[in-house]
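Secondary and tertiary structure notes
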Amino acid sequence: MVMSVRDWAVRFSEASDRDQTIGAMARYYTCTYMWDMGTQKVIIEMIDGKVYRINTDPQPLDAYDFVLRASPATWREFARPIPAPMYHGIWAASFRRDLKMEGNILVLMQNLRNFTVQFELLRKVGVPV
Amino acid sequence: MAKHSPVIGRYVTIEVDGCEYKVFYLRNGHGGQPLVCQHTAGCHNHQWRGLLEDEEICKTYDVIAYDLARHGKSDPPLNKEWWKEEYLLTADHYMKFIVTLCDALDLKQPIFMGSSFGGNVALQLALHHPDRFKAVIPVEAAENSPGFFLDWWRHPHANAAQVCGSGVWDLMAPQSPDMDRWLTWHYYTQGSEVFKGDLYFYSVDHDLRGKLGNIDTKRCPVVMMTGTYDFLTPPEATEATARQIPGGIYIEMEDIGHFPMSENYPLFAVYLKEALRLIEERT
């Protein structure tokens, strides 16, 4: 049973906002990014290390800085408690699997520490696909 | 009572291609067989801290882990205005540095082990200096390894230290202990100004395609090891490389990544001891 995107957004926001590793360097973690999971897209808006808003029904003109796109199967692999090799991170999956990183990659690089930690929260929270 | 480590650090000054390098190295071991260890690109010799304090290996081996010039406590050349030119490491200079250092330390037939760009230079040494080394252990290495010579490592609009630290984060296995993965991250925040220059060797200048058949493993045995979570030189790349080397040996390391010695030393040690045993058998 796939969890609803609304439930996922609540769980993800809570997990991120109480994560100590993000909290230790939260100030200035401000950006907006999309996760395109094929059958489901979300836009996550971060302000000073906290989840300000998650748009669970993005429309064509909704803005974001950068986007990660992959198939639903790949996102499900990301969400395993211990992902298999090559699904264990955004670099691994972009080099060896179907993950694409698009948009203003500079913003991703500027926030790479916290974004990486946040991405790995999917192993605890799961994905809505 | 103070708790001292048996590891000792020293400096030695060498000259390579007209560059004066004051090289820092860590050393421990009571055995006569030198085991010379090269850290990964953009890092330093503390990656080998687990090996340097491994009592079982240090009983038999003289473990020496150095900082390559411009890394850790080894400064850039002291007789040149190095800040006026871009640092781009070449295979030729890299090999000369290692051989000159081994000569300066009067090391007889050392075993050379390196990881990532250290593993790639181990292959180069086996090809070009087979009689200077008893054997080589290329870790996380391949005949070529394109794709990582990136501007992001030192982009002035991003926090280069964090880009380097987190950019290599998922080169490590998720099973590796948090402390060791974050220590490796910490080391990587310290080398952002040289990382890209190191990767010039790793992803551009290092290319042994079509040359591996010339490596003579009777003179210099080659034991390659790669972790299953390495996305840069995945297991199949290392295995394909080893298969092209007559007599080359490949060991796959389960549940570990691109920095095995620093991300999970106890697991790496299991494989390393097997590699050392194979070398002893063949020499």
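Higher on the page you've got the structure.
1. Here we look at the overall build of chain A
The secondary structure content of chain A amounts to 7 helices and 5 strands. For 129 residues, the compact-globule estimate of 2.2 N^0.38 gives 14 Å, and chain A sits close to it at 13 Å. Dimensions of chain A, computed from C-alpha atoms along their principal axes, come out at roughly 35 × 30 × 25 Å. Counting all 129 residues of chain A, 54% fall into the buried class. Considering only contacts in chain A between residues 6 or more positions apart, those separated by 24 or more positions represent 65%. Only carbon and sulfur atoms are counted for the fraction: they give 50% of the accessible area of chain A, which is about 6,200 Å².

2. A few points about the interface of chain A and chain B
Contacts between the two partners involve 24 residues from chain A and, on the opposite side, 26 residues from chain B. Across the interface of chain A and chain B, roughly 2,100 Å² is buried in total on both sides, 70% from carbon and sulfur atoms. In this structure, the connection of chain A to chain B is made through 0 salt bridges. Along the contact surface separating chain A from chain B lie 10 residue pairs in polar contact (both at pLDDT 80 or more). Going through the elements one at a time, helix 4 (90–96), helix 5 (105–110) and helix 6 (112–120) of chain A are the ones with two or more residues in the side of chain A that touches chain B. Of the residues in the side of chain A that touches chain B, the class split is 15 nonpolar, 5 polar and 4 charged.

3. Looking at a nonpolar patch on the surface
All names here are of chain B. A grouping of Leu88, Phe149 and Val204 is seen on the molecular surface, where their side chains present a nonpolar patch of about 210 Å² in accessible area. Structurally, Phe149 can be placed in the loop between strand 6 (135–139) and helix 5 (160–167). Judged by relative accessible area, Phe149 falls into the partly exposed class, the value being 30%.

4. With respect to the pairing of strand 7 (residues 223–227) of chain B
Residues and elements named next belong to chain B. Most of strand 7 sits inside the fold, with 5 of its 5 residues counted as buried. With burial as the criterion, each face of strand 7 is covered, one bearing Val223, Met225 and Gly227 and the other bearing Met224 and Thr226. Relative to strand 8 (residues 249–253), strand 7 runs parallel, the two being bridged by 5 bridges. Across the sheet, residue Gly227 finds its bridge partner in strand 8, namely Met253.

5. Topic: the packing of helix 4 (residues 117–128) of chain B against helix 7 (residues 192–205) of chain B
Residue and element names in this part refer to chain B. At their nearest, the axes of helix 4 and helix 7 sit 10 Å apart, and the two run at 50° to each other. Considered as vectors, helix 4 and helix 7 are oriented oblique to each other. Between helix 4 and helix 7 the crossing geometry is left-handed. Where helix 4 approaches helix 7, its residues Phe117, Asn120, Val121 and Gln124 are matched on the opposing element by Asp198, Phe201 and Tyr202. Tallied by class, residues from the contact of helix 4 with helix 7 come to 4 nonpolar, 2 polar and 1 charged.

6. Some details on the environment of Phe78(A)
Residues and elements named next belong to chain A. Take Phe78: it is sitting in helix 3 (residues 72–78). On a C-alpha basis, the gap between Phe78 and Gly126 in space is 8.5 Å, while along the polypeptide they are 48 residues apart. If we skip the residues at most four places from it in the chain, Phe78 touches Pro83, Tyr87, Gly89, Ala93, Leu99, Phe119 and Arg123.

7. Quick word on helix 8 (residues 235–244) of chain B
Residue and element names in this part refer to chain B. Of the residues making up helix 8, those classed as buried are Pro235, Thr238, Thr241 and Ala242. The buried side chains of helix 8 occupy one side of the element, clustering within an arc of 130° when seen end-on. Turned more than 90 degrees away from the buried face of helix 8 sit Glu236 and Arg243, all of them exposed. Lining the buried residues of helix 8 we find helix 4, strand 7 and strand 8.

What counts, and at which threshold
Residues numbered from 1 in each chain as written. Chains lettered and ligands numbered in written order. Predicted model: local features only at pLDDT ≥ 70, side-chain atom pairs only at ≥ 80, totals over all residues. Heavy atoms only, no water. Helix = DSSP H or I, 4+ residues; strand = E, 2+ residues; numbered from the N terminus. Rg over C-alpha atoms; globule rule 2.2 N^0.38 Å. Buried < 20%, exposed > 50% of the residue type's maximum accessible area, 1.4 Å probe, protein only. Contact = heavy atoms within 4.5 Å. Areas by Shrake-Rupley, 256 points an atom, 1.4 Å probe, with all protein chains shown as cover. Buried area = accessible area lost by both parts, 1.4 Å probe. Salt bridge = Lys/Arg side-chain N within 4 Å of Asp/Glu carboxyl O. Polar contact = N/O pair within 3.5 Å; in protein donor to acceptor, adjacent residues only side chain to side chain. Nonpolar A, V, L, I, M, F, W, Y, C, P; charged D, E, K, R; others polar. Patch = residues over 30% accessible without salt bridge, like charges linked within 9 Å, V, L, I, M, F, W, Y side chains within 5 Å. Pairing = 2+ DSSP bridges. Axes fitted to C-alpha atoms, helices over the stretch in contact; angles between N-to-C directions. Parallel < 35°, antiparallel > 145°, perpendicular 65-115°, else oblique. Left-handed = near helix turned anticlockwise from the far one by under 90°. Arc of directions from axis to C-beta.

Everything listed here is a matter of coordinates, which is why it stays silent on function.
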